[in-house]
Amino acid sequence: MPLLLLSFAVTGFALIAGGQRLGAKSFVVGGAPMAAAFVWILAQLDDVTSNVVIRRSIAWVEPLGLRLDLRLDGISATLALVVAGVGVAVMLYAACYVGAEEATPGRLAGLMVLFSGSMLALTMADNVFLLYVCWELTTITSYLLIGNRHTDARARGAALHALLITAAGGFALLAGLLLIVADSGVDRLSVLAANPPTHLPTAAIVLVLVGVFTKSAQYPFHSWLPGAMAAPTPVSAYLHSATMVKAGVFVLALLAPIAHGAVPWRGMVVAAGLCSMLFGGLRALRQQDIKLLLAFGTVSQLGLLTVLFGLGTPETATAGWVLLVAHALFKATLFMVVGIVDRGTGTRDLRAIPPLRSGWRGVEVVAGIAVASMAGVPLTAGFAAKELAFDAVSGLAWGAPWTLVGIVAGSALTVAYSARFFWGTFVAPRRRAPEDPGPTGPRVWFVTPPTLLTVIAVAFGLAPGVADGLATSALRVFGTSAATAHLSAWHGFGLPLALSAVVLAGGLALWTLLPRLESALERGGRVPNGGEIFLAVLRGVGQLATRVTAVIQNGSLPVYAGVILLTAALLPAGALVIGRASIDLPTFGSPGEAVVLALLLTGAFGAALVHRRFAAALFLSVAGYAMAGLFALSGAPDLALTQVAVETLSTVVFVLVLRRLPEGFERQASAPRRTASILIAAAVGATVFAFAVIAAGFDHDTAASDQMVEQAVPVGHGHNVVNVTLVDFRGFDTLGEISVLVAASIGAVALARATRRAPAAPVREPMASSVARLAFIDVAARVAFPAVLLMSLWLLFAGHDYPGGGFVGGLLAGAAIAIRYIAGGIQEVRQRSRLKPWTVLGTGLFLAAATAAAPLLAGRSVLEVASTSVSLPVLGEVELSSALVFDIGVYFAVVGMVLMAFEAFGDTPQERAL
Amino acid sequence: MTVLLAAAAATLFAIGTYLLLQRKLSRIIIGLGLLTHGANILLISAGVRGEPPIIEGAETSSFADPLPQALALTAIVITFGVTTLLLALAFRSWLLTDDDEVQDDLADRHVAGHDATRDETEDQQELIAWEERR
């Protein structure tokens, strides 16, 4: 069984990939797996009818307990036979149908094979999850097949329409099935059927039925099916009449024995089914396109199937079973006939079809038999189904009279549109144009597939008893003790026969009166239908999305930032209000701290209040140096050093950029905006204050810090705990951080140098140009440079034991470079190093990453430190550890970043033009 | 943590926020710098204060907490990288517009004033008309 299904996937994808060369023959190739499946299922029929259920189970997602459970029992074998059998006929038919105008026959054939495999798997799925997956696979293949002519906007629209509705229904089905699984704890359909739960959740019933109705095109979800007629006719014949639309009915048949007692179930299936049957029939009477006529006929017939399977008694199910098989046979045949007529005459419009005379006799006979079955003329399979249905429904304990009236009325409509189809296609054109010889008839091969289906249909209609065994085993969904089915072509005289007579007579009468009823039907057509509702919903969703977008994405950065910051302030504030803590804080620290903080806040307020860019940047650096002082006072010399170095370099970079920009901030924000900004700022400040004060009231766990202090020397081989933390304990963090620095530097250079401005634009002269150099600055720079560089190296190497490290060292080296820049501009910087800035940057990152990864080669963990002591002149006993190499990487990355900054902003327009 | 430190951090956050809500990129960058200072104060004052955590003798109990310091050091350097990148944005803005003002996104404004769904609905209307054709 799994191999069989696999062959569909293989064939399908192979045809999509390489079927182009085969042309129309790819349909014959595609029919092969279907024929194999058909033969295989026939071979299993003995087992199936003797109630031996064939099962396979394959592991799928073991940890989630998902398995591919397959089984072949009576009901699944029935639908599987239809899928495979009609599939073979449709593929042979399609080989004749597609002409030169079909650009991608391989893809079309491949998709049909993939659909066929999905549908077969659906019939055999014994697990609700597998069932759902197959269900959606058929939805997707159906979507692709409807949109086969993807250059046609109408076909695309129809495909999307079908996808939206059936996929939404698919979700509903999944939700419903999940509820059932959660409620009963069983995900195997066969187990559910064997031990039916006494009650199903109402929500589950409603959700499953919504899924079923969308797939089987029941009111009010039917609207996608007429649109789906945009697909090539073989696809319509296969998916949208014979097989896929039966998937919903199939699930109904599986669940009805368990659920039919529930009131929402019965109410919903009968209401939806009868509505579909009646409205579908009425709509079919109005169509001029014979393909659409059949499509609405399908909606109508599916309505009857929904009622029969949904009612869930063995008798109605038997009638439904016969109708399912009969409908697949006659409707697929009729669609094929439509395709043949379309190909032969170039039209499907009832008013335009030319007379079909010589060469068309065979088509007419086949169509006539199929139409007779559709209308329920005695001795056809359709008749047997209707008789069984009337009998079963009249015997119902619940809702019998009006359900029966509905079915009779619907069947009469079926007779009327059947007559309209046959008369309008074959008889009326000949009367309209008695002299016209009409088009030549179709080729024999083209008519063969529908003829084959008709032969089977006739045999089934005359001697339905041959299928007793299969029908009986299909009834096993009702449990082991269910009644057996006895099918016969003639049920004798009684109420069913009388109703059949009423149906036939009434239908024919309706058909003859049709011209006079035109205006009434016209009025009925104005009632909003599913298609319009779908359209309105679609439009509404689109407009809602536009409105939401207009509000939340209005394009203003301050508004976005304001919303984000306000949220960040208010949400934690709420949490702080809820969680109370004791607050017991000293007001002041040391006097030095107060002085430093005063300086810090002076810088901050100054940066916010001044209206000149340079002044603001300088105030920011005041705040930065004050921070360094604060760090020094807090026992954090590493931080203080780093802050000083960063602040110095930041100021230089700020100046490099700000010298280009206008001096002041010209445009001031409007008063309401300013007020809003200040309010948001105050909210953020208040939240931070509350947070800081309350958080300080909690005792915090210092285990991690204590461990770092303890382990610094024995494990990290360093005495400076902060540096050991950076390069060893939290080395991964540092590696990530320098990666960010590298990315930011590359970004900065790319942004600054992407498009060069024409040098003509007037720019204020930079503070140092290569033309005029001041001698004393030059000398001072030359003297200071090596000294500062040496200092930076000392910081790098000593950093493991004393304040310092790769970051501080690198920043100080950057400061040395800044000194040279001030003296001599970008050329001076470039001359210092033959390496390009990006090379330095990359070397640093590579060195750090390689050091981090190296222990992996020795089978150790990332960033594990190896260390050895060596004796060096001058420096004495030095412990060389891999952490030092890592820190050297950091050093280079930081130096590279500073070089990149100068590369980005440091050159003058004149140099830029070079 | 002292009340004074908390107030200083809160003030830095408030001023930083105010500057972030401006339209000039240079003010936004300065605001970000002030926010970072505020965050760093919160970080280091979350730990125990004390002597620099550099092991020289056996006495480690008077150490300042090294973990927040490592975090703050990372933050300082990252901020330098971010500042550089943002300054490059300001620089680029100057290259293109002679100013560093962040303009409103015109495409967003366009979407707000336009029914973007019209094309699809036209498709669908055509479909319905086709279905209804007699």
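Conventions and cut-offs
Residues numbered from 1 in each chain as written. Chains lettered and ligands numbered in written order. Predicted model: local features only at pLDDT ≥ 70, side-chain atom pairs only at ≥ 80, totals over all residues. Heavy atoms only, no water. Helix = DSSP H or I, 4+ residues; strand = E, 2+ residues; numbered from the N terminus. Buried < 20%, exposed > 50% of the residue type's maximum accessible area, 1.4 Å probe, protein only. Contact = heavy atoms within 4.5 Å. Areas by Shrake-Rupley, 256 points an atom, 1.4 Å probe, with all protein chains shown as cover. Rg over C-alpha atoms; globule rule 2.2 N^0.38 Å. Lys, Arg positive; Asp, Glu negative; His and termini not counted. Charge placed at Lys NZ, Arg CZ, Asp CG, Glu CD. Pairing = 2+ DSSP bridges. Domains from an automatic or database assignment. Expected span 1.5 Å × (residues − 1). Buried area = accessible area lost by both parts, 1.4 Å probe. Salt bridge = Lys/Arg side-chain N within 4 Å of Asp/Glu carboxyl O. Polar contact = N/O pair within 3.5 Å; in protein donor to acceptor, adjacent residues only side chain to side chain. Nonpolar A, V, L, I, M, F, W, Y, C, P; charged D, E, K, R; others polar. Axes fitted to C-alpha atoms, helices over the stretch in contact; angles between N-to-C directions. Parallel < 35°, antiparallel > 145°, perpendicular 65-115°, else oblique. Left-handed = near helix turned anticlockwise from the far one by under 90°. Core = buried A, V, L, I, M, F, W, Y, C linked by side-chain atoms within 4.5 Å.

Participant: With reference to specific residues and values, describe the overall build of chain B.
Facilitator: Helix and strand content of chain B: 5 helices and 0 strands. Going residue by residue from the N terminus, the α and β elements of chain B occur as α-α-α-α-α. Sorting the 134 residues of chain B into buried and exposed places 60% on the buried side. If you take every contact in chain B between residues at least 6 apart in sequence, the share linking residues at least 24 apart comes to 51%. Working note: accessible area of chain B is about 5000 Å², and carbon and sulfur atoms make up 59% of it.

Participant: I'd like a rundown of the overall build of chain A, residues and numbers included.
Facilitator: The helix and strand inventory of chain A stands at 34 helices and 4 strands. Taken against the 2.2 N^0.38 rule, which gives 29 Å for 914 residues, the C-alpha radius of gyration of chain A at 41 Å runs more than 25% over that of a compact globule. Its C-alpha atoms give chain A principal-axis dimensions of roughly 120 × 65 × 60 Å. Going through the 914 residues of chain A one by one, you find that 55% of them count as buried. Looking at chain A alone, contacts between residues at least 24 apart form 78% of all its contacts between residues at least 6 apart. Carbon and sulfur atoms make up 69% of the accessible area of chain A, which amounts to about 36700 Å² in all. Across chain A, the centroid of the 57 positively charged side chains sits 14 Å from that of the 49 negatively charged ones.

Participant: Could you give an account of the pairing of strand β2 (residues 66-72) of chain A, with specific residues and numbers?
Facilitator: All names here are of chain A. Of all 7 residues making up β2, 5 are buried, and the element is well covered by its neighbours. Note: strand β1 (residues 54-61) against β2, 7 bridges, orientation antiparallel. Of the residues in β2, the one forming a bridge with S57 is D69.

Participant: Describe in detail the domain arrangement of chain A, supporting the description with residues and values.
Facilitator: Domain boundaries assigned for chain A yield domain 1 (2-536) and domain 2 (718-914). Taking only C-alpha atoms, the centre of domain 1 of chain A and the centre of domain 2 of chain A are 73 Å apart.

Participant: Explain helix α3 (residues 74-97) of chain A to me, using residue names and the numbers behind them.
Facilitator: In a regular helix each residue adds 1.5 Å, so 24 residues correspond to 34 Å; α3(A) covers 33 Å between its end C-alpha atoms and thus fits that length. Extensive coverage of α3(A) is indicated by the burial of 21 of its 24 residues.

Participant: Can you break down the side chain of A:H327 residue by residue, with the values?
Facilitator: With respect to the secondary-structure elements, A:H327 resides in helix α14 (residues 314-345). In contact with A:H327, not counting residues within four places along its chain, are A:S241, A:K246, A:T298, A:Q301 and A:A332.

Participant: Residues and numbers for helix α24 (residues 613-633) of chain A, please.
Facilitator: Taking 1.5 Å of rise per residue, 21 residues should cover 30 Å, and α24(A) covers 31 Å from first to last C-alpha, within 8% of that figure. Listed in full, the buried residues belonging to α24(A) are A:R613, A:A616, A:A617, A:L620, A:S621, A:A623, A:G624, A:A626, A:M627, A:A628, A:L630 and A:F631. Packing partners of the buried residues in α24(A) comprise α23 (591-609) and α25 (637-658) of chain A together with α1 (3-20), α2 (25-46) and α3 (66-97) of chain B. Positive backbone phi, at 75°, marks A:G635, one or two positions downstream of α24(A).

Participant: Talk me through the interface of chain A and chain B; I want residue IDs and the actual numbers.
Facilitator: Much of the literature gives interface size as the accessible area that the parts lose upon coming together. At the junction of the two partners, chain A supplies 141 residues and chain B supplies 99 residues. Roughly 10500 Å² is buried in total at the junction of chain A and chain B, and carbon and sulfur atoms are behind 70% of that figure. At the junction of chain A and chain B, the tally comes to 2 salt bridges. A:R613 is paired through a salt bridge with B:D99; the nearest N and O atoms lie 3.5 Å apart. Connecting chain A to chain B are 9 residue pairs in polar contact (both at pLDDT 80 or more). Looking at the side of chain A that touches chain B element by element, the count peaks at 14 residues for helix α26 (residues 671-696) of chain A. Looking at the side of chain A that touches chain B, its residues break down into 83 nonpolar, 35 polar and 23 charged.

Participant: Give me the environment of A:E364: which residues, what numbers.
Facilitator: All names here are of chain A. Tracing the chain through its elements places E364 in helix α15 (residues 361-375). For E364 and F213, which are 151 residues apart along the polypeptide, the C-alpha to C-alpha distance reads 34 Å. Apart from residues no more than four positions distant in its own chain, E364 is found in contact with F422, F426 and R430.

Participant: Report on the pattern of salt bridges, specifying residues and quantitative values.
Facilitator: A side chain with one charge can pair with a side chain of the opposite charge if their charged atoms come near. Throughout the structure, instances matching the rule amount to 21 salt bridges over all chains. Across the pair A:R351 and A:D349 runs a salt bridge whose closest N-O atoms are separated by 2.9 Å. A relative accessible area of 24% means that A:D349 is categorised as partly exposed. Across the salt bridge formed by B:K24 and B:E101, the nearest N and O atoms sit 3.1 Å from each other. Residue B:K24 is found in the loop between α1 and α2, and its partner B:E101 is found in the loop between α3 and α4 (106-112); the two are separated by 77 residues along the sequence. The exposure class assigned to B:E101 is buried, which follows from its relative accessible area of 12%. One network of salt bridges, with partners in common, ties together A:R55, A:D69, A:R71, A:D73, A:D126 and A:R188.

Participant: Can you break down the packing of α23(A) against α24(A) residue by residue, with the values?
Facilitator: Residues and elements named next belong to chain A. For the pair α23 and α24, the least separation of the axes is 7 Å and the interaxial angle reads 160°. Taken together, the axes of α23 and α24 lie roughly antiparallel to each other. Seen along the crossing, α23 lies across α24 with a hand that is left-handed. Counting all contacts with α23, which are made through G592, E593, V596, L597, L599, L600, T602, G603, A604, G606 and A607, the residues of α24 involved are A616, F619, L620, V622, A623, A626, M627, G629, L630 and L633. When grouped by side-chain class, the residues that make up the contact of α23 with α24 number 15 nonpolar, 5 polar and 1 charged.

Participant: An account of unusual backbone geometry is needed here, citing residue identities and associated values.
Facilitator: For residues other than glycine, phi is negative in most cases, and the peptide bonds are mostly trans. Residue and element names in this part refer to chain A. The step from Y219 to P220 runs through a cis peptide bond, and the omega angle for that step is 0°. If you trace the backbone, P220 turns up in the loop between α8 (202-215) and α9 (224-227). If you check the backbone angles, A217 has positive phi at about 50° while not being a glycine. Summarising the element assignment, A217 is placed in the loop between α8 and α9. Taking the relative accessible area as the measure of exposure, A217 reaches 0% and is therefore buried. In this structure, L379 takes a positive phi of about 70° despite not being glycine. Within the secondary structure layout, L379 lies in the loop between α15 and α16 (381-394). Its relative accessible area of 47% is what places L379 among the partly exposed residues.

Participant: Kindly report on the nonpolar core, identifying the contributing residues and their values.
Facilitator: Residue and element names in this part refer to chain A. Formed by 184 residues in total, the largest nonpolar core has its most connected members in M112, L120, W224, Y238, W265, W321 and L334. It is α14 that provides the largest number of residues to this core, a total of 19 residues. Among residues more than four places away in sequence, those in contact with Y238 are M34, V83, V86, G87, V90, M112, F115, S116, T243 and M244. Listed in part, the 118 residues of the second largest apolar core include A608, L620, A640 and F905.

Participant: Before we move on, can you summarise the packing of helix α13 (residues 290-311) of chain A against α14(A) with the specific residues and values?
Facilitator: Residue and element names in this part refer to chain A. At a closest axis distance of 9 Å, the pairing of α13 and α14 adopts a crossing angle of 170°. Classified by the angle between their axes, α13 and α14 sit roughly antiparallel to one another. In terms of residue class, the contact of α13 with α14 is made up of 17 nonpolar, 6 polar and 2 charged.

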